[in-house]
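Per-entry structural report
Below, each chain spelled out in residue letters.
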Amino acid sequence: MTTVTRVPFVELQAQYSTIGAEIEARVLEVLRNAQYIGGPEVAGLEAEFAAYCGTAEAIAVNSGTAALHVALLALGVGPGDEVITVAHTFVATAEAVVQAGATPVFVDIEPVTMGMDPAQLERAITPRTRAIIPVHLYGQPARIDEIQAIAERHGIPVIEDACQAHGARLGGRRMGAFGTIGCFSFYPSKNLGAIGEGGIAVTDSPELASRMRLFRAHGEAENQRYRHEVVGYNYRLPAIQAAALRVKLPHLDGWSAQRRDRARRYDELLADTEVVTPRVQPGAEHVYHLYPIRHPRRDGLQRGLAEAGIQTGIHYPIPVHLQTPYAQYGAGRGSLPQTEAAAAEVLSLPMYAELRDDQIDHVVSTLQRLVQAL
Ligand SMILES: Cc1ncc(COP(=O)(O)O)c(C=O)c1O
């Protein structure tokens, strides 16, 4: 038995070694066919990803941020409008709101799902609220059924930021299929990752789908070249990315099951320690894009783990309402206590489908030693 001396945070090569030959063959086909943009690979990915999510439509774009941006634009969100979201997220959620010309309104999270607190949402709605963006952070469904019920009562569309939650379910339904539009990122380290940048939006509305397609490609009419109906963007997904993603999609549920199994081992081994492990709401199927523990001496734990060869991450150390360009939209330090506590305490442990038992055991035994010494 060899002793584990290094545990990387993610290990993209481990996945590539299992399906790389198939990806290379499919990418080579795209290169030989010379259909680099659009074409059958992109159309195929859209059909397959929509079917996977259980939605009528999917619109492939070149990042998760672009998906959020075209979703907002398709809904007509713009200057003077408010969009309610969370500050405990990757900055792109709020960035897309500002890019659309609207004002992000930050509400606090609740500690089980680490997602939007429905009670806070209800209080933040004003006559100017034009959209709500909950985030399914870490691969964990937010309280989307409660959020959706509040939104419907007020007639406000929900855009799900499912950029970290491909395939996650609540009551058997996939994330992205609850709201008016769901947005995903295919950044390489995501549970479903491209071989570069990529993203996709899903919806049941053919009208919104065709609006998003307009904004994706320079505002050009779908059936008439060089007739431009709106000021759009170049957000098209390259065909080689679609080809690689189509190879990976059939494996996604298997990889998610492996991630859940890895999380279960962490949960069990960490049960008797002082660290707080992720909690899951009833009926939810978490896909563990990340496995964040919580501890008040997080920074010391991270340093100790690094000295033992264990890479970790912090998602995210500075909440969006305290980031310089976004401070103008928030109410400052102390305004979102759950968010600020999470930012100070979360520590993401190594997590990927191929993570081995001996690697998890090394992480856990190192953590146990560090927690006792702190
Ligand atoms: C929660 C969240 N929202 C949005 C994004 C933006 O996605 P992308 O990096 O593909 O633009 C990401 C991923 O990076 C994310 O994790």
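Bear in mind that the values here come from a model prediction, so they are computed numbers and not experimental data.

Some points on the overall build of the protein
A tally of regular secondary structure across the protein gives 12 helices and 12 strands. Relative to a compact globule of 374 residues, whose C-alpha radius of gyration would be 21 Å, the protein shows 21 Å and is just as compact. Along the three orthogonal principal directions, the C-alpha set of the protein runs to about 65 × 55 × 35 Å. Looking at the protein as a whole, 57% of its 374 residues are labelled buried. The average position of the 33 basic charges and that of the 41 acidic charges among the side chains of the protein differ by 2 Å.

Remarks on the site of the ligand
What surrounds the ligand is a group of 14 residues, the closest being G64, T65, D161, S185 and K190. Within the contact set of the ligand, an oxygen atom lies 3.0 Å away from a side-chain nitrogen or oxygen of K190. Relative to its free-state accessible area of 380 Å², the ligand is covered by the protein chains to the extent of 92%. Of all elements in the fold, only α3 (64–74) and α4 (92–99) reach the threshold of two or more residues within the shell around the ligand.

So, the nonpolar core
With 78 residues, the main nonpolar core has F49, Y266, L270, Y291 and L349 as its most contacted residues. Three or more residues apiece are contributed to this core by two domains, here domain 1 (13–248) and domain 2 (251–373). If we skip the residues at most four places from it in the chain, Y266 touches Y291, L349, P350, M351, L355, I360, V363 and V364. If you look at the next biggest cluster of nonpolar residues, it comprises 28 residues, including V61, L72, I133 and L208.

Section: the pairing of strand β12 (residues 346–349)
Residue alternation in β12 divides its side chains into two sets, V346 and S348 and L347 and L349, and both sets are buried. Strand direction decides the pairing type here: strand β11 (residues 291–294) and β12, joined by four bridges, are antiparallel. Paired with Y291 across the bridge in β12 is L349.

A look at the sheet that holds strand β2 (residues 82–86)
Spatial ordering of the open sheet is given by β3-β2-β4, a layout of three strands whose pairing is parallel. In this open sheet, the two edge strands, each paired with only one partner strand, are β3 (103–107) and β4 (129–133). Between one strand axis and the next, the sheet turns by 30 degrees as a mean value, whatever way the strands run. Bridging between β2 and β4 involves four bridges; their strand directions are parallel. Paired with E82 across the two strands is T129, which belongs to β4. On the sheet, α4 packs against β2, β3 and β4 and is oriented at approximately 150 degrees with respect to β3.

Quick word on the domain arrangement of the protein
What the domain assignment lists for the protein is domain 1 (13–248) and domain 2 (251–373). Per-residue buried area on domain 1 facing domain 2 is highest for F106, Y138 and N191; these three make up 20% of the total on that side. Linking domain 1 to domain 2 there are two salt bridges. Along the contact surface separating domain 1 from domain 2 lie 21 residue pairs in polar contact (both at pLDDT 80 or more). By residue class, the composition of the side of domain 1 that touches domain 2 is 24 nonpolar, 13 polar and seven charged.

Thresholds applied
- Residues numbered from 1 in each chain as written.
- Predicted model: local features only at pLDDT ≥ 70, side-chain atom pairs only at ≥ 80, totals over all residues.
- Heavy atoms only, no water.
- Helix = DSSP H or I, 4+ residues; strand = E, 2+ residues; numbered from the N terminus.
- Rg over C-alpha atoms; globule rule 2.2 N^0.38 Å.
- Buried < 20%, exposed > 50% of the residue type's maximum accessible area, 1.4 Å probe, protein only.
- Lys, Arg positive; Asp, Glu negative; His and termini not counted.
- Charge placed at Lys NZ, Arg CZ, Asp CG, Glu CD.
- Near = heavy atom within 4 Å.
- Polar contact = N/O pair within 3.5 Å; in protein donor to acceptor, adjacent residues only side chain to side chain.
- Areas by Shrake-Rupley, 256 points an atom, 1.4 Å probe, with all protein chains shown as cover.
- Core = buried A, V, L, I, M, F, W, Y, C linked by side-chain atoms within 4.5 Å.
- Domains from an automatic or database assignment.
- Contact = heavy atoms within 4.5 Å.
- Pairing = 2+ DSSP bridges.
- Axes fitted to C-alpha atoms, helices over the stretch in contact; angles between N-to-C directions.
- Buried area = accessible area lost by both parts, 1.4 Å probe.
- Salt bridge = Lys/Arg side-chain N within 4 Å of Asp/Glu carboxyl O.
- Nonpolar A, V, L, I, M, F, W, Y, C, P; charged D, E, K, R; others polar.

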